[in-house]
Amino acid sequence: KAVLLRDYTPPAFLIDSVDLDVDVREKQATIRSRLAVRRNPAAKDAAQPLVLDGRHLELVSVAIDGRALAPGEYTVDEDHLRIAEAPAAFTLEAVVRFDPWANTRLEGFYASKDGLFTQCEAQGFRCITYFIDRPDVMSRYTVTLHAGRERFPHLLANGNQVAKGEEDGERHWAKWEDPFPKPSYLFAMVAAKLDLLEEGFVTRSGRKALLQVYVEPGKIDQAGFAMHALKKAMRWDEAVFGLELDLERFMIVAVGDFNMGAMENKGLNIFNTKYILARPDTATDYDYYGIDKVVAHEYFHNWTGNRVTCRDWFQLTLKEGLTVFRDQEYSADEYSRAVARIQDVRDLRAYQFPEDAGPMAHPVRPDSYVEINNFYTATVYEKGAEVIRMIYTLLGREPFRKGMDLYFERHDGQAVTCDDFTQAMQDASGVDLSGLRRWYSRAGTPRVTARGVYDEAAQAFTLTVGQSLGQGGEPLHIPLAVGLVGPDGVDIPLRLEGDAAASGTTRVLDLREAEQQFRFVEVTARPVPSLLRGFSAPVVLDGGLTDADLTHLMTHDSDPFNRWEAGQVLATRIILAGVEALKAGKPMEVPTAYVEAVGRILASASRDPAFAAECLALPDEAILAEQMEVADPDAIHEARRRLKREIAERYRTRFEGAFRHFTVTGPYSPDANAAGRRSLRNASLGYLMAIDDSTARALTFLEYRRAENMTDTMAALECLANSAGAERERALGMFYEKWKDEALVVDKWFRAQATSDLPKTLDRVKSLLAHPAFDLRNPNRARAVLHAFAGTAVHFHAADGEGYRFVAEQVVALDRINPQIASRLARAFDRWKKYDAGRQAHARGALESIRSAEGLSSDVGEVVGRALG
Ligand code: ARG
Ligand code: ZN
């Protein structure tokens, strides 16, 4: 059942226009479609039958050019409507019915609390009507919606409203026209009762547009930041890429039941409430940051995704990698570039690197899939963005912008491939991207090894760099940004032998061979090489540096990313050595040099509190597990905990001081400065709670009660949720009482308990499933409990296998409701082979129990099948 990239053929038919009439009644939607169909002149074979995609539809009638087809003239199965004899050009009319209230998959047209919503990417449009549901079929859409006025006051679809009116029986209708041809996955419609926040906007060239944010009734006071973010993103895209809004009206609709983060439907973005709703007392700084980023991301898709779209789903990274790169750059400009980069790389290592090392590993442009929904992955999105970033690094800002301009000039209005993108970049810049293109077809994380030798007599520093991906094939082109840090902590000006041009203190080396040497001259003292500055390529680096070298970089490197990175590498070494010591029953050692370097971070924290907070964060347990041959989650947890506690005890007064000093006064704002202070302050609280004595608990509980914003509230609550003190249940109880009517806040309450590292967390999670507020059908709620639990290192990977068995049962239960969400949960098993034999046996049993469940979806089937190999 796998679909292969190499099997691509152009569609047999094209559909120039789509006219939909949607009639919403009690428990039923009736969709009448009129499609202008013609044979594709570019099709391989001119006699092919017409095959339309359609799922979960009841076909009422079908007609060609006004003549109803008799039963023998077409066939219908679970996935298709086939018409053997089709003319060269014709109008196809079909009437279908289904019940949106019974659609728990949340794909296609479905009901949520306040009305009816759609999600079509990747293949949801076929759950609305019969269609050639693939992105290289682009059509002009007209949509008329009819529904009860009282229950569904807003009737929305892509484009512009061109007519509306009243109907008998308290009903009304609205007609929408989208002037832009689009693929079916960008179709959207909404029939709902919502509140509306709207504003005018004038684009750089003077075009007037109406911006609208629709939210659940009563929540207008949580819509302002999303609107603010939208306007900022629009200005940014004008300034940085010269891209303007091309619509008269841009709508955002927030819905509480949504499978993903958000969706870039043309002119009618539909969002998970999580990425729209925010108020200082309900949303954390991190939530605000996420809203800013996702609103921008979906808006940016209007050009990178919608104006130029994907030829087929193997090209998904064409729009996603590029749009993630754009939202990352936007965030870097709006907040702190260094902190944004650190967070992106931390996520890449926590999610994408493990994915690339496990059974679901695939190239950023996959070459096969069973269920496309399984390929909305960290690899396609985040590693895809790294590939774009490498192109940006190799070309430079101006040539990259020229490449983007050329890409739009060539491909506006088309459905294209990743090769079309890299070709435009290469043609506009003259930079040879042949080696860079290989990144699109190779799975796995490359390993880069670097060794430096200093020749004092020759005043030369020779760097030998190698790459390997362990699967043969030609080497990749890897941009390796390097600097040389002198013994005084100052960067040495770089001069490559045989290269007349001086190149400042950071230089991007082109690693194109399996092994290469770079010789720097006029190096007046033995330097410490600062390698892969800014994380210039998504690789695992073995830099061959000593602890002393790393401590030097941690304190002096002019590249903030590498200053942070040096601290992470050191902490990783200490924790992994601690793991071995604990297993051997020996005491864990924490080198003084490291502790002193941490002290220097604290002492200079006021220069950049957000950055200091990042430096104080120890590597995640998931990232540490990846570094071990056989991961030992309990030992990792214990060693990490001990390191944190030791630092906390050593600097207790300084952490207490920072906690007081970085208090933010005045009205709440989620800006980088205020958020950075809170982040350092709460990192300090986290250290104090690593001691978890009565003083720390009292301070945290006091903070919990004093806090006036959700950032500080959650920081305190999360600390208490990991603490055995009596304050824990008191705080959790108070929190639920206060917030039980705010769904997104209740999610935080569930999540804090499900991710606790206290013993008995699994029992707690099981009892949470019986809580009246728990609902398996709501993706946010399911994720707050199940996916959150499955992401914990110690409890999911419990040695007795209880964590695995529990999650396996939930995957099966969820699969009957919503295969996409179930399949994500099943991904928790990805790294099962990284654990010891006992755990592996439990994981295998759990995976097999999923595989043998009756009526398993292809979504979960593919993930579990790959895991079992
Ligand atoms: N295009 C959307 C976005 O990144 C996400 C769609 C995800 N679709 C899915 N089937 N998982 O912005
Ligand atoms: Zn996207």
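Nothing here was measured: the structure is a model prediction, and the numbers come from that model.

A. Here's a closer look at the overall build of the protein chain. Secondary structure summary: the protein chain contains 27 helices and 31 strands in total. Relative to a compact globule of 869 residues, whose C-alpha radius of gyration would be 29 Å, the protein chain shows 28 Å and is just as compact. For the protein chain, the spread of C-alpha atoms along the principal axes amounts to about 90 × 70 × 60 Å. Counting all 869 residues of the protein chain, 51% fall into the buried class.

B. Local environment of the sheet that holds strand 27 (residues 478-485). Spatially, the three strands line up as an open sheet ordered 28-27-30, and their pairing is antiparallel. What marks the edges here is a single partner per strand, and that holds for strand 28 (507-511) and strand 30 (528-531). If you compare each strand with its neighbour and ignore which way they point, the axes differ by 40° on average. Looking at chain direction, strand 27 and strand 28 are connected through five bridges and run antiparallel. The residue of strand 28 that forms the bridge with leucine 480 is leucine 509.

C. Examining the packing of helix 14 (residues 633-650) against helix 16 (residues 672-691) more closely. It is at 8 Å that the axes of helix 14 and helix 16 come closest, and there the two elements cross at 105°. When the axis of helix 14 is compared with that of helix 16, the two are roughly perpendicular. Across the interface between the two elements, Lys644, Arg645, Ile647, Ala648 and Glu649 from helix 14 touch Tyr687, Leu688, Ala690 and Ile691 from helix 16. Broken down by class, the residue content of the contact of helix 14 with helix 16 amounts to six nonpolar, no polar and three charged.

D. Up close: the sheet that holds strand 19 (residues 249-255). In space, the five strands of this open sheet follow the order 17-18-19-21-20, with mixed pairing throughout. Unpaired on one side and paired on the other, strand 17 (195-202) and strand 20 (262-263) mark the two borders of the sheet. Where helix 1 (residues 224-241) meets the sheet, its contacts fall on strand 17, strand 18 (208-215) and strand 19, and the angle it forms with strand 17 comes to roughly 25°.

E. Representation of the UniProt feature "domain: Aminopeptidase N-like N-terminal" (unreviewed entry) in the protein chain within the structure. When the UniProt feature table is mapped to this numbering, "domain: Aminopeptidase N-like N-terminal" (unreviewed entry) covers residues 19-186. Between the end C-alpha atoms of residues 19-186 there is a gap of 15 Å, over a span that is 0% helix and 56% strand.

F. Spatial organisation of the packing of helix 26 (residues 837-851) against helix 27 (residues 858-868). Where helix 26 meets helix 27, the closest approach of the two axes is 10 Å, and the angle between their N-to-C directions is 145°. In this structure, the crossing between helix 26 and helix 27 has a hand that is left-handed. The residues of helix 27 that touch helix 26, namely those facing Leu847, Ile850 and Arg851, are Val860, Val864, Ala867 and Leu868. Here the residues of the contact of helix 26 with helix 27 sort into six nonpolar, no polar and one charged.

G. Spatial organisation of the site of ligand 1. Close to ligand 1 lie Glu121, Ala122, Met260, Ala262, Met263, Glu264, His297, Glu298, Glu320, Asn373 and Tyr376, which account for all nearby residues. Taken together, the elements giving at least two residues each to the shell around ligand 1 come down to strand 20 and helix 2 (285-300). Of the residues in the shell around ligand 1, the class split is five nonpolar, two polar and four charged.

H. Layout of the environment of threonine 462. Here threonine 462 is to be found in strand 26 (residues 460-468). Residues threonine 462 and glycine 486, 24 residues apart in the sequence, show an inter-C-alpha distance of 15 Å. Setting aside chain neighbours within four positions, we find threonine 462 in contact with Gly452, Val453, Gln517 and Arg519.

I. Fine view of the environment of histidine 661. On the secondary structure map, histidine 661 appears in helix 15 (residues 652-661). On the neighbour-count criterion, histidine 661 (15 C-beta atoms within 10 Å) is partly exposed. Distance from histidine 661 to threonine 377, taken between C-alpha atoms, is 41 Å for residues 284 residues apart in sequence.

J. Representation of helix 11 (residues 592-603) within the structure. Over its twelve residues, helix 11 extends 16 Å from the first C-alpha to the last, a length consistent with the 16 Å expected when each residue adds 1.5 Å. Of the residues making up helix 11, those classed as buried are Tyr594, Ala597, Val598 and Leu602. Taken around the axis of helix 11, the buried residues stretch over an arc of 150°, which confines them to a single face. The exposed set on the far side of helix 11, more than 90 degrees from its buried face, consists of Thr592, Glu596 and Ala603. Structurally, helix 11 contributes buried residues whose contacts are with helix 9 (547-556), helix 10 (560-583), helix 14 and helix 15.

K. Fine view of unusual backbone geometry. In this structure, alanine 122 follows glutamate 121 across a cis peptide bond, with omega equal to 0°. Along the chain, the position of alanine 122 falls in the loop between strand 11 (115-119) and strand 12 (138-148). Its identity as a non-glycine residue notwithstanding, histidine 56 has a phi of 55°, on the positive side. The residue histidine 56 is located in the loop between strand 4 (50-53) and strand 5 (58-64) in this model.

The rules we used
Residues numbered from 1 in each chain as written. Chains lettered and ligands numbered in written order. Predicted model: local features only at pLDDT ≥ 70, side-chain atom pairs only at ≥ 80, totals over all residues. Helix = DSSP H or I, 4+ residues; strand = E, 2+ residues; numbered from the N terminus. Rg over C-alpha atoms; globule rule 2.2 N^0.38 Å. Buried ≥ 20, exposed ≤ 12 C-beta atoms within 10 Å, placed from the backbone. Pairing = 2+ DSSP bridges. Axes fitted to C-alpha atoms, helices over the stretch in contact; angles between N-to-C directions. Parallel < 35°, antiparallel > 145°, perpendicular 65-115°, else oblique. Contact = placed C-beta atoms within 7 Å. Nonpolar A, V, L, I, M, F, W, Y, C, P; charged D, E, K, R; others polar. UniProt positions renumbered as here; feature names shortened; annotations may be inferred. Left-handed = near helix turned anticlockwise from the far one by under 90°. Near = placed C-beta within 6 Å. Expected span 1.5 Å × (residues − 1). Arc of directions from axis to C-beta.

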